[in-house]
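Survey of secondary and tertiary structure
What follows is the residue order along each chain.
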Amino acid sequence: MTEERGNKNISNKNLLLQYAAVGSQLLAGLLLTVFTGKWIDEKLHFSFPVLIWLLPVIFIVSMILKVIRDTSKKKNG
């Protein structure tokens, strides 16, 4: 009985660590894409900040697809 509880705690900790990793990747990636977009927009002298909006949107879509792929159940295994 205690072995099952121990395995469940380890499983919950691993799941928590996975979600924390995804959250930190999301935060770091958004900061990086916003500042990179701002820098490129300034260098190219755009009148409207195109890349400061476009790069984070591309990043968010790619992260959503990554989370879906990582959390979906495998059909052959």
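Scroll up to find the structure this text is about.
The notes below deal with the structure included here.

Side chains bearing opposite charge may pair, as long as their charged atoms lie close to each other. Scanning all chains against the criterion turns up one salt bridge. Across the pair Asp 70 and Lys 66 runs a salt bridge, and its minimum N-O distance is 2.9 Å. Placement of the pair is Asp 70 and Lys 66 together in helix α2 (residues 51-71), with a separation of four residues, close to one helical turn.

All right, on to a nonpolar patch on the surface then. On the surface, a nonpolar cluster with roughly 580 Å² of combined accessible area is contributed by Leu 26, Val 57, Ile 60, Val 61, Ile 64, Leu 65 and Ile 68. Looking at the nonpolar patch element by element, the count peaks at six residues for α2. Relative to the elements of secondary structure, Val 57 occurs in helix α2.

To continue, consider α2. Over its 21 residues, α2 runs 30 Å from end to end, which matches the ideal 30 Å to within 8%, given 1.5 Å per residue. Among the residues making up α2, those that are buried are Leu 51, Pro 56, Phe 59 and Met 63. Burial along α2 is one-sided: seen end-on, the buried residues are contained in an arc of 115°. Exposed residues lying more than 90 degrees from the buried face of α2 are Trp 53 and Arg 69.

So, how was this worked out
Residues numbered from 1 in each chain as written. Predicted model: local features only at pLDDT ≥ 70, side-chain atom pairs only at ≥ 80, totals over all residues. Heavy atoms only, no water. Salt bridge = Lys/Arg side-chain N within 4 Å of Asp/Glu carboxyl O. Helix = DSSP H or I, 4+ residues; strand = E, 2+ residues; numbered from the N terminus. Patch = residues over 30% accessible without salt bridge, like charges linked within 9 Å, V, L, I, M, F, W, Y side chains within 5 Å. Areas by Shrake-Rupley, 256 points an atom, 1.4 Å probe, with all protein chains shown as cover. Expected span 1.5 Å × (residues − 1). Buried < 20%, exposed > 50% of the residue type's maximum accessible area, 1.4 Å probe, protein only. Arc of directions from axis to C-beta.

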